[in-house]
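# Structural description and commentary
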Amino acid sequence: MHEEELIRRIRDGEHELFYQLIRPYEQRIYFIAFSILRNQHDAEDVSQEAVLKAFKNIRHFRGEARFSTWLIQITLNEARMWRRKAHANLIEPLDKPADDDGEYRPREFADWREIPSETLEREEVRKALAEALASLGDKYREVFVLRDVQHLSIEETAKTLGITVASVKTRLLRARLMLRDLLSPGWGGSWSSKLSFAKGNKPW
Amino acid sequence: MVVKCEHVWREISNYLEGDVDASLKTAMEEHFKGCKDCTAVLEGTRNIIAVYGDERFLEVPLGFGQRLHQKLEQNMPRQRGGVFGWVLAFAAILLIVGGVELGSSRAFYNPELRSAHADPAKSSIPEDMPVVIAQDGKVFHRSKNCPFILDKDKAHLHTITAEEAVREGYAPCVRCMHEFMAAAPPPPWLDPHPTDGEEHAEIETAP
């Protein structure tokens, strides 16, 4: 059944079809929440809240955006609200990432070549990727997750985050280069020593 | 057009998005041919996009989907729509309308009793037995000769069946109907077995 048909029938009262509608997006919803909150339990709670909110507001979904984008927007907002509440009493860290306007110079020039696909089967690699992503500043991580993990377009990412297309491009560049540096062999980070990442000793 | 490494780094993300004009694209590709560092940056960035875009990277905790569905189920309103719901609603409307119709029907007309003695459950009066009533009276009698018919009612007597009289709210005369009254023994001053036969003989409609 097509997504539009599912949505129409849910609106008409066949609520149980909502399971079917969101099943393909469960992973993505969780990952959005996790990438913002960096905590498994919080991410799960926020995912559930986001799905409930989507269900309650399905009548307001007008189909102007893709359903997945709408769902991601709701999840992102829920995660941000959760983070704001959780950090309401915390002081902003002093070592905030540089502004968008600042130049980012790559630090590692190791030759990665192509990463074998089966590398992702290794749990320690997935963990290293998650840790590297979690270490990014919020604004870079959000843009990167929406564009490169969730595969939203540049324009959809800008709209979802409420920022300009130019800001998305700038943040995306920095996020990609930072992650590349973080995951390059020999680059510092607590994960590198655990995985014995050293120059010339690539994990993939 | 010739580009330096710094320019390439600034545009490398746009290059991978296919979001650079043709002349810059050509210039960058020329640069990559001769710059090992920029090629490493390009390949590394391309790999980052590839590994993070792989669905295997999106791991969810065990049982996540099940817990999500349970949460939804707990918060989902009970099914109200659907064919079954409409059938139920229609049946309920039918019952209500039918109930109102039956309630207003003459067959089920049950006026307030004019006297507690009118309760047919307390008597064994045959339903089809002709009885005499007065238009403005409260009781019905076995015949117009009942000595307990009030003088003012004697000019307005009618004969109907006991069932009709009960339904209209008339009470049986505890005197002339005493033999049918289970709960009320005849008063000592009333002869339970009249012998002249005249008193209860024929029932006539009053003039």
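Residues numbered from 1 in each chain as written. Chains lettered and ligands numbered in written order. Predicted model: local features only at pLDDT ≥ 70, side-chain atom pairs only at ≥ 80, totals over all residues.

## Side note on the interface of chain B and chain A
- Every contact between the two is made by 36 residues of chain B and, on the other side, 41 residues of chain A.
- Those elements that provide at least two residues to the side of chain B that touches chain A are helix 1 (5–17), helix 3 (36–52) and helix 4 (64–75) of chain B.
- The biggest single contributor to the side of chain B that touches chain A is helix 3 of chain B, with twelve residues.
- Among the residues making up the side of chain B that touches chain A, the classes are represented as 17 nonpolar, twelve polar and seven charged. (Contact = placed C-beta atoms within 7 Å. Helix = DSSP H or I, 4+ residues; strand = E, 2+ residues; numbered from the N terminus. Nonpolar A, V, L, I, M, F, W, Y, C, P; charged D, E, K, R; others polar.)

## Here's the deal with the sheet that holds strand 1 (residues 130–134) of chain B
Residue and element names in this part refer to chain B.
- The sheet built from four strands is open, its strands ordered 3-1-2-4 with mixed pairing. Of all the strands in the sheet, just strand 3 (157–161) and strand 4 (171–172) have a single pairing partner and so form its edges.
- Here strand 2 (residues 139–141) runs beside strand 4; their pairing, made up of two bridges, is parallel. Across the sheet, V139 pairs through a bridge with A171, a residue of strand 4. (Pairing = 2+ DSSP bridges.)

## Considerations on the confidence of the model for chain A
- Overall, the prediction assigns chain A a mean pLDDT of 81, with 77% of residues at 70 or greater.
- This model gives residues 186–204 of chain A a pLDDT under 50, and the stretch forms 31 contacts once residues within four places in sequence are excluded. (pLDDT = per-residue confidence, 0-100.)

## Some thoughts on the nonpolar core
- Formed by 52 residues in total, the largest nonpolar core has its most connected members in I32, A33, L37, A79, A175 and L179 of chain A.
- For this core, the secondary-structure elements that each account for two or more residues are helix 2 (17–22), helix 3 (26–37), helix 4 (40–56), helix 5 (67–86), helix 6 (123–134), helix 7 (138–149) and helix 9 (165–183) of chain A together with helix 3 of chain B.
- Counting residues per element, this core draws most heavily on helix 9 of chain A, at nine residues.
- Of the residues that make up this core, three or more belong to each of domain 1 (3–86) and domain 2 (117–194) of chain A.
- Look past the residues within four positions of L179 of chain A in its chain and what remains in contact with it is A132 and L133 of chain A together with I48 of chain B.
- Counting residues in hydrophobic clusters, the runner-up holds 17 residues, among them V139, A162, Y170 and M177 of chain B. (Core = buried A, V, L, I, M, F, W, Y, C linked by C-beta atoms within 7 Å. Buried ≥ 20, exposed ≤ 12 C-beta atoms within 10 Å, placed from the backbone. Domains from an automatic or database assignment.)

## Notes on the packing of helix 3 of chain A against helix 4 of chain A
Residues and elements named next belong to chain A.
- Contact geometry of helix 3 with helix 4 gives a least axis separation of 8 Å together with a crossing angle of 130°. The angle between the axes of helix 3 and helix 4 places the two elements in the oblique class. Crossing handedness for the pair helix 3 and helix 4: right-handed. Contact residues: I29, Y30, A33, F34 and L37 in helix 3; Q40, D42, A43, E44, V46, S47, A50 and V51 in helix 4.
- By residue class, the composition of the contact of helix 3 with helix 4 is nine nonpolar, two polar and two charged. (Axes fitted to C-alpha atoms, helices over the stretch in contact; angles between N-to-C directions. Parallel < 35°, antiparallel > 145°, perpendicular 65-115°, else oblique. Left-handed = near helix turned anticlockwise from the far one by under 90°.)

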